[in-house]
Amino acid sequence: EQFSKTVTCPECGGRRLNKEALHFRMADKNIAELSAMDIGELYDWMLHVEERLTDRQRKIAPEILKEIRSRLKFLMDVGLDYLSLNRSSVSLSGGESQRIRLATQIGSQLVNVLYILDEPSIGLHQRDNRRLISSLKALRDTGNTVVVVEHDEEMMESADYIIDMGPKAGRLGGEVVFQGTPEEMLKQDTLTSRYLNRTCSIQIPGQRRKGNGHSLWLRGARGNNLKGVDVEFPLGQLICITGVSGSGKSTLINDTLQPILSQHFYRSLRDPLPYDKVEGLEFVDKVVSVDQSPIGRLPRSNPATYTGVFNDIRALFISLPEAKIRGYKPGRFSFNVKGGRCEACGGNGYKTIEMNFLPDVYVPCEVCHGKRYNRETLEVRFKGKSIADVLDMTINRAVEFFENQPVILNKIKVLQDVGLGYIKLGQPSTTLSGGESQRIKLATELSKRDTGQTIYILDCLLYTSDAAD
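Just so it is clear, the structure is predicted and the values come from calculations on it, not from any experiment.

Right, let's get into the overall build of the chain. Across its full length, the chain holds 19 helices and 11 strands. Each of the three principal axes of the chain carries a C-alpha extent, and together these read 90 × 55 × 55 Å. Taking as baseline every contact in the chain between residues at least 6 positions apart, the subset at least 24 positions apart corresponds to 57%. For the chain, the accessible surface area stands at approximately 27200 Å², while carbon and sulfur atoms represent 52% of it. Taken as two groups, the 62 positive and 59 negative side-chain charges of the chain have centres that lie 5 Å from each other.

Right under this line is the structure:
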């Protein structure tokens, strides 16, 4: 992506329609101008537009305007008043896309429907959180059931009924530790209730890191809704960018600062949004963007391969006496090349069944039963475990298993430290959430122990994390 860029069409100026279509106007506005407005601004315009219509237009417009206002109101109620209607869908965050679908469902006025929402508060400011909760209650009040998978404190306190899973993660979880009302939960002693009761808390540091004395200055940033802002980023510190949804956080960091740094260090072609100048680049070595994009798009990619620890695990298996006797080379323990992998599934462990008009379905391979390797490869064992058994371990179990292998331990311990002890080493990347993928990338960067002057950019880091993590 960074080596291609999108430019505005010179013919239509980004308005998408030809000049004949743009000549049709309502109250001096064409459809492109209305689409470019923020939803909140457009709603206000729609409220007063009838005053500027002709008698003939007033006879036609009432039902249409009623529908438009109703749909815009649903979008505003879920905290999306800052978006414009012509906003590209690929530029929306996961939480924004989910809330657009939620607004659509509220507008459908269906009843007796079970709605399941996974982390709808992702990236939301607390002000907008309350609006989202009100929307979910409106869905409930029309005669529906709403099930929300969530860590947010306000969401839990607003629920009619809570199911708390635990007591911990991975093999230590899998039980219902409490179910009942929020008031009843506060009287119990679960890990979640301890944080809600403030008997457990995240310690606020007593003193702040002073940094290295240098700063990176971005001056005159005016992309999207930024009003020519000057921002100082003190280097050598943990900096938090916050503010209500739509206030310009992503525009400032992801669309202005990050492209500037990428162009400077990597000759990226992606243009930053308008700004005047940047100062202090000489104090920075490189930039690393840790986003929520998948770590891979095939079942073969997994945490072990992404972090590089799989190379060390293969080296360990090659050094075993059984592997030396058989003359096995590194490729024997790879599921990407022929030799040791199961050829029936090509090392995937799964076979893909294409479903017409439906998403593809993955089923375990009938030959290797999901183990990815052939019988001969699986006969080489370390402490009684084959390489397939190792890939099937959770991070927490692997930390115990490799406690005497420092090269491997150092890499997987970081995955445990960022709260991913419950995922498996060989878990397919296609089953990981955005937040899990992001934390795997973060763990990979931490394991490099980079002492250079690097800027790390992380977006919505607490996605799918609870207080204990």
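From this point, things continue past the structure.
The biggest cluster of nonpolar side chains holds 42 residues, and the ones touching the most others in it are Ile 313, Phe 317, Phe 402 and Leu 425. Per-element tally for this core: the top contributor is helix H13 (residues 309-318), with six residues. Residue contacts for Phe 402: discarding those within four places in its chain leaves Ile 313, Leu 316, Phe 382, Val 390, Ile 408, Leu 409 and Ile 412.

We now examine the pairing of strand E2 (residues 145-149). In the sheet, strand E1 (residues 114-118) pairs with E2 via five bridges, with the strands oriented parallel. Residue pairing across strands places Leu 117 opposite Val 148, the latter belonging to E2.

Spatially, E6-E5-E7 is the arrangement adopted by the three strands of the open sheet, whose pairing is antiparallel. Lying at the two open borders of the sheet, with one neighbouring strand each, are strand E6 (229-234) and strand E7 (277-279). Each strand axis lies, on average, 10 degrees off the axis of its neighbour in the sheet, ignoring direction. Across five bridges, strand E5 (residues 215-221) lies against E6 in antiparallel orientation. Residue Ala 221 lies in a different strand from E6, and its bridge partner there is Val 229. Its contacts with the sheet put helix H11 (residues 249-266) on E5, E6 and E7, and the angle it makes with E5 is roughly 115 degrees.

Quick look at the side chain of Lys 441 now. For Lys 441, the position within the fold is in helix H19 (residues 434-447). Within the local environment of Lys 441, its side chain forms a polar contact with the side chain of Asp 291, the two groups lying 2.6 Å apart. Here Lys 441 is in contact with Val 290, Asp 291, Ser 293, Pro 294, Ile 295 and Tyr 306, once residues within four sequence places are set aside.

Let us now look at the pattern of salt bridges. Inspection of every chain in the model, using the stated rule, returns 31 salt bridges. Where Glu 33 meets Arg 25, a salt bridge forms, and the shortest distance between an N and an O atom there is 3.2 Å. The partner of Glu 279 in a salt bridge is Lys 277, with the nearest N and O atoms 3.2 Å apart. Linked through salt bridges whose partners overlap, the residues forming this network are Glu 322, Arg 326, Arg 375, Glu 376 and Glu 379.

Parameters and conventions
- Starting from 1, residues in each chain are numbered consecutively following that chain's sequence as written.
- Where totals are concerned, whole chains, interfaces and linings use all residues; where local detail is concerned, this predicted model gives features only for residues with pLDDT of at least 70, and gives and counts side-chain atom pairs only at 80 or more.
- The basis for every side-chain value is the complete set of non-hydrogen atoms in the structure, without hydrogens or water.
- Numbering goes from the N terminus for both helices and strands, where a helix is a DSSP run of H or I of at least four residues and a strand is a run of E of at least two.
- Two residues qualify as a contact provided that any one of their heavy atoms is within 4.5 Å of a heavy atom in the partner residue.
- For every accessible area listed, the method is Shrake-Rupley and the probe measures 1.4 Å; residues are considered covered only by the protein chains on display.
- In this tally, Lys and Arg are treated as positive and Asp and Glu as negative; His is ignored, and so are the chain termini.
- Charge positions come from single atoms, namely NZ of Lys, CZ of Arg, CG of Asp or CD of Glu.
- Put simply, a nonpolar core is a bunch of buried Ala, Val, Leu, Ile, Met, Phe, Trp, Tyr and Cys residues held in one set by side-chain atoms that sit within 4.5 Å of each other.
- Accessible area is worked out with a 1.4 Å probe on protein chains only. A residue is then buried under 20% of its type maximum, exposed over 50%, and partly exposed in between.
- Strands are labelled as partners when DSSP assigns at least two bridges between them.
- Every axis corresponds to a line fitted to the C-alpha atoms, with the helix fit spanning only the stretch in contact, and the corresponding angles, defined between N-to-C directions, vary from 0 to 180 degrees.
- For this analysis, a polar contact is any N or O atom pair within 3.5 Å, provided that within protein one partner can donate a hydrogen and the other can accept it, and provided that sequence-adjacent residues contribute only side-chain to side-chain pairs.
- The working definition used for a salt bridge is a side-chain nitrogen of Lys or Arg within 4 Å of a carboxyl oxygen of Asp or Glu.

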